[in-house]
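Report on the structure
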Amino acid sequence: MSKIGIVGSGMGSLGFAIRSAVAGHQVSVFDANSYPGGKLAQIETNGFRFDAGPSLFTMPHLVDELFTLAGKNPRDYFSYERLPEICRYFWEDGTRLQTNAAPAETAAAIASELGESEENVARFLREIGENYHIISDLFLDNSLHSLSTWTGRKALKGYLNIPRLGLFNTMHRSHAKRFTNPKTVQLFDRYATYNGSDPYQTPATLSIIPHLEYNLGAFFPKGGIISIPRALHRLAEELGVDFHFNEKVSRITTENHTATGLETEKGNYTFDYIACNADIRPSYTKLLAQEPQPKKLLTQPKSSSGIIFYWGMNRSFDELGVHNIFFSDDYQGEFKAIFEDNTINDDPTIYLHISSKVEKSDAPAGGENWFILMNVPANEGQDWDALVAKMRKNVIEKLSRNLGVDIEQHIVAEDLLDPRSIEARTSSAGGALYGNASNNRFAAFLRHPNYRKAIKNLYWVGGSVHPGGGIPLCLSSAKIAAKLFAENA
Ligand code: FAD
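The rules behind these values
Here the residue numbering is sequential within each chain, running from 1 through the sequence in written order. For a predicted model such as this one, the threshold for reporting local features is a pLDDT of at least 70, and the threshold for listing and counting side-chain atom pairs is 80 or more; totals across whole chains, interfaces and linings nevertheless cover every residue. With hydrogens and water excluded, all non-hydrogen atoms of the structure serve as input to the side-chain values. UniProt positions are given in the numbering used here, feature names are shortened, and annotations may be inferred rather than shown by experiment. Paired rings are identified among Phe, Tyr and Trp, the last through its six-membered ring, by centres lying within 6.5 Å, and are further divided according to the angle between planes into stacked (under 30 degrees), edge-to-face (over 60) and tilted (the rest). Going along the chain from the N terminus, every DSSP run of H or I of four or more residues is numbered as a helix, and every run of E of two or more is numbered as a strand. Buried residues are those whose accessible area, probed at 1.4 Å on protein chains only, stays under 20% of the maximum for their type, while exposed residues exceed 50% and partly exposed ones sit between those limits. Charge-over-ring placement is defined geometrically: NZ (Lys) or CZ (Arg) within 6 Å of the ring centre, and within 35 degrees of the ring normal. Pairs of strands are assigned from DSSP output, requiring at least two bridges between the strands. Here, axes are lines fitted to C-alpha atoms. For helices the fit covers the stretch in contact, and angles between N-to-C directions go from 0 to 180 degrees. Any two residues whose heavy atoms approach within 4.5 Å are treated as being in contact. Whenever a carboxyl oxygen of Asp or Glu lies within 4 Å of a side-chain nitrogen of Lys or Arg, that contact is scored as a salt bridge.

Per an unreviewed UniProt entry, the protein goes by the name 1-hydroxycarotenoid 3,4-desaturase CrtD and belongs to Aquirufa esocilacus. Recorded in UniProt for the protein, the comment headed Pathway (unreviewed entry) runs: "Carotenoid biosynthesis."

Right, here's the structure in full:
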């Protein structure tokens, strides 16, 4: 049995802590916050409840498997339902589209509303599913830094399929070639934002992302997204994991380039192994300043951040679903503003999520809880007070225009997160939601590894390392790190 100390209690940490505890190790988790889950937090105001971070839950089996691994029934800890509807889309010219859980229904809706060939859309959805399996065998489920990943039968299958994976094309160009209506291109380009990237730069390989929603399903956990880290925290505690909340780690101690322990605001701890769940940038600059830095990784562009308005509304809107998108008329301009000019444009794409459509207790009777997210650049010292004020005005105008109602008069509760507060609450560099952006092949596929020989006995989990950000990939990072740990330790 080894003693393992973990920095942070985000999804990557919870997955790694549970796997390590099940393997018989003694695990201690330290978090600067007072709660488990990191970006999975909640906001309560004036009778409304909001999930502060993620709103879309995909691949729930990755959560379930942690309970099964521990010999428990996941349904004794949390439950979820598959949503019948994926998303409602709104364009300024009045075009409306609803995509549904059944891929055939989505293909039919895109054909009838956007004039695409139904067969072409259905084939696209099938192909991204096939590509997903090739990539997950090679990339998402394995360390790219293990020789076995590159030499097995699955790797050979991956090499043979490289031409179809779109490594040398951009996502936007690939979609523009495939579909006739620019709105269909925009719809599928949007998925680059699921890891904080720019569809006009990111490799077409990332076109697999909608497979998760359209083929595998969008899910809603009972009690909201917050119930996921709470359930995992409960399981981890039952397995003996020791949590230290409100205890910020100031240094990962090392000797001869080997991790030996943690220094926190409250004391010094010795461990056999450390796992780091904090974003790689502050981890290297603050916690591991004494060690050689992986400079190329630390200088890649950051993923996008978000401005999120949490609005309690005093009425309901039948034309809205759980997930809604109001598209910008200038999509390329929106991404240029974010990734080239470090600012926001005047016509942002708006993501509007309403959990109270499913979880009625999230809003007072007759009302709705609106979570409104716009992609924005990471914090580089911009004048966020001015940008937030401009964003608020533009969002109110755009939603009022599209819904035909002056929405401002219906806002009865309000809260806000912007890149500064996301950074302050989760220590992610610049408040970036997904670590580095995947705007080039290096950044997309060669993220920070889950283990580096340069600093022994130190494992890495979470959204800024391999295989990437988002709840499912953070859980995969924990699985890969646990496998490497079992092989090395
Ligand atoms: P984090 O959540 O980043 O947590 C890291 C933890 O480490 C924090 O609790 C922090 O306090 C702690 N920490 C850091 N440094 C220290 C230190 N020195 N000492 C002690 N503790 C420390 N993903 C999806 O799958 N679906 C979505 O719909 C989605 N939407 C999102 C919307 C928003 C607004 C945000 C913010 C994120 C969204 N994401 C979404 C991304 C997802 O939340 C993240 O990729 C994921 O939660 C990151 O988990 P993590 O394991 O990297 O840890």
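**Description of the packing of aromatic side chains**
Each aromatic ring pair is summarised here by two numbers: the centre-to-centre distance and the angle between the ring planes. Tallied over the entire structure, the rule returns 35 aromatic pairs. A centroid spacing of 6.1 Å and a plane angle of 55° characterise the contact between Tyr200 and Phe335, whose relative ring orientation is tilted. Of this pair, Tyr200 sits in the loop between helix 8 (182–189) and helix 9 (209–216) while Phe335 sits in helix 13 (residues 331–339), placing them 135 residues apart in sequence. Assigned by exposure class, Tyr200 and Phe335 land together as buried. Positioned over the ring face of Phe78 is Arg75, at 5.6 Å from the centre of the ring. Here Arg315 stacks its cationic end above the ring of Phe317, 3.9 Å away from the centre of that ring.

**Examining the sheet that holds strand 13 (residues 273–276)**
Reading across the sheet, the five strands line up as 9-2-1-13-19 and stay open at both edges, with parallel pairing between neighbours. The strands lining the two open edges of the sheet, one partner per strand, are strand 9 (242–244) and strand 19 (458–460). Direction aside, the axes of adjacent strands within the sheet are offset by 20° on average. Taken together, the four bridges between strand 1 (residues 3–7) and strand 13 define a ladder with parallel strand orientation. Residue pairing in the sheet places Ile6 in a bridge with Ala275 of strand 13. Each of strand 1, strand 13 and strand 19 is contacted by helix 17 (residues 471–488), which is oriented at about 160° to strand 19, the strand it contacts most.

**Quick notes on the pattern of salt bridges**
Taken as a whole and judged by the stated rule, the model has 26 salt bridges. The closest approach of N and O atoms between Glu92 and Lys398, which form a salt bridge, is 2.9 Å. Placement of the pair is Glu92 in the loop between strand 6 (85–90) and strand 7 (96–100) and Lys398 in helix 14 (residues 384–403), with a sequence separation of 306 residues. For Glu92, a relative accessible area of 24% puts it in the partly exposed group. Using a relative accessible area of 1% as the deciding quantity, one classes Lys398 as buried. Close ionic contact of Glu359 with Lys222 constitutes a salt bridge, the shortest N to O distance being 3.6 Å. Placement of the pair is Glu359 in the loop between strand 16 (350–353) and strand 17 (368–376) and Lys222 in the loop between strand 8 (219–221) and helix 10 (227–238), with a sequence separation of 137 residues. When its relative accessible area of 12% is taken as the criterion, Glu359 is described as buried. A residue is classified by how much of its surface remains accessible, and Lys222, at 56% relative accessible area, is exposed. Connected through shared salt-bridge partners, Glu92, Asp347, Lys398 and Arg401 make up one network.

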